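Next come the chains, spelled out residue by residue.
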Amino acid sequence: GGDSLPAQREVLDMVLEHLPRRFPRSFSLDGRRLRVHVEGAGCEYDVDEWREMRPLELAGLLLQEDLVLMRAEPGGAHRVQAAFVVFSFGRVLERVGMDLEQVHADVNRFPSDLRKPVGRFFDKLSASAPAWRTNFGLTWSPSLVPTPDRYPHRASYAPEATHNTPGKWMMARIGEVGVGRAVW
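What counts and how
Position labels on residues start from 1 in each chain and follow its written sequence. At least 70 in pLDDT is required for a residue's local features to be given in this predicted model, at least 80 for side-chain atom pairs to be given and counted, and no such filter applies to totals for whole chains, interfaces and linings, which use all residues. Hydrogens and waters are ignored; side-chain quantities use all the structure's heavy atoms. Centre distance within 6.5 Å is the pairing criterion for rings of Phe, Tyr and Trp, where only the six-membered ring of Trp is used; planes under 30 degrees apart are then read as stacked, over 60 as edge-to-face, and the remainder as tilted. Classification of residues uses two cut-offs on accessible area relative to the type maximum, computed with a 1.4 Å probe and protein chains only: under 20% is buried, over 50% is exposed, and between them is partly exposed. By definition, being over a ring means that NZ of Lys or CZ of Arg is both within 6 Å of the ring centre and within 35 degrees of the ring normal. For two strands to be treated as a pair, DSSP must find no fewer than two bridges joining them. Note on conventions: DSSP H or I runs of at least 4 residues are helices, E runs of at least 2 residues are strands, and numbering of each starts at the N terminus. Structural elements are reduced to axes, namely lines fitted to C-alpha atoms, with helices fitted over the stretch in contact, and the angle between N-to-C directions of any two is expressed from 0 to 180 degrees. When checking whether two residues touch, look at their non-hydrogen atoms; a contact exists if any pair is within 4.5 Å. What pLDDT reports is the predictor's confidence in each residue, on a scale of 0 through 100. We call two N or O atoms a polar contact when they sit within 3.5 Å, provided that within protein one can donate a hydrogen and the other can accept it, with sequence-adjacent residues counted only if both atoms are side-chain atoms.

(A) Geometry of the packing of aromatic side chains. Following the criterion strictly, the structure yields two aromatic pairs and no others. Plain terms: the ring middles of Tyr45 and Trp50 are 5.8 Å apart, the flat faces sit at 80 degrees to each other, and that makes the pair edge-to-face. When the ring of Phe121 is compared with that of Phe122, the centres are 5.5 Å apart and the planes differ by 90 degrees; the resulting orientation is edge-to-face. For Phe121, a relative accessible area of 38% corresponds to the partly exposed category. Here the guanidinium or amino end of Arg54 rests over the ring plane of Trp50, the centre of that ring lying 4.3 Å away.

(B) Just the sheet that holds strand 2 (residues 33-38), in detail. The three strands are arranged 1-2-3 in an open sheet whose pairing can be described as antiparallel. The sheet is open, and its two edges are formed by strand 1 (27-30) and strand 3 (41-46), each paired on a single side. Strand after strand, the sheet turns through a mean of 15 degrees between neighbouring axes, direction not considered. Sheet topology places strand 2 next to strand 3; six bridges connect them, and they run antiparallel. Counted as the bridge partner of Leu34 is Tyr45 from strand 3. In the packing of helix 1 (residues 5-22) onto the sheet, the strands contacted are strand 1 and strand 2, and the crossing angle to strand 1 comes to about 120 degrees. Strand contacts of helix 3 (residues 55-62): strand 1, strand 2 and strand 3, with the helix running at about 165 degrees to strand 3, the strand carrying the most contacts.

(C) Geometry of the confidence of the model for the protein chain. Across the protein chain, the average pLDDT comes to 79, with 72% of residues at 70 or higher. The lowest-confidence element of the protein chain is helix 8 (residues 179-183), averaging 58 in pLDDT; the highest-confidence one is helix 1, averaging 94.

(D) Just the side chain of His78, in detail. With respect to the helices and strands, His78 occurs in strand 5 (residues 78-84). Here His78 falls in the buried class, since its relative accessible area comes to 6%. Polar side-chain contacts of His78 include one of 3.4 Å to the side chain of Asp123.

Printed below as a string of C-alpha cells:
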C-alpha cells in the first residue's frame with residue numbers, strides 16, 4: 001500500500017547500491033539511470049520514475065527473489081504491507097493487510113505446529129540481522145496458476161483418503177512413475 005512506500009524505496013535503494021557493486025558487468029547506475037547488460041541484451045530504467053510510486057516492482061524485476069514487506073504490530077502480529085512475488089504466493093492483493101495466521105490459513109497444521117516458531121522467527125528479524133528463507137514445492141501440474149490441482153493432497157484426482165496424508169501418497173506416486181513423471 002501507499003503507506004509502505006518509504007519501506008519499498010528503502011528496499012529499492014539497497015538493491016540499486018548492491019547490484020552495480022556486486023555485478024558491475026551486468027548493472028551500472030549513472031545518476032538515476034540504471035542500465036542492465038545481460039548476455040548481449042540490455043535495458044535501461046529511469047529510477048526516479050519507478051521510485052515515486054512503484055519502487056518494489058522495480059526491485060522485483062531486478063532480482064530473482066520474491067519480496068514481501070511485513071510490518072510488526074504491537075501484540076506480535078506481522079502484516080503484509082507490500083509484495084512482489086511470482087507463482088508460489090498466490091492472491092497477492094488479497095493478502096495485503098493480512099497477518100501471518102491469515103496468510104497461512106490453508107497451510108495444514110499451521111496454527112498447532114508452525115505459528116509459534118514462525119512468530120519467533122519474525123520477532124527476531126532486524127536490519128542488523130536479516131534472514132534469507134528458501135522455499136520449494138512439488139506440483140503435479142504444468143500450470144503456473146496456484147489452483148488446488150497443483151497440490152496432490154488437494155487434487156481432484158487424488159484419492160479422498162490421501163487428503164490428510166499427502167506425503168505418503170506423493171511417495172507412492174513417485175515410486176510408481178518416478179519423480180519427473182510424477183511432478184510433471
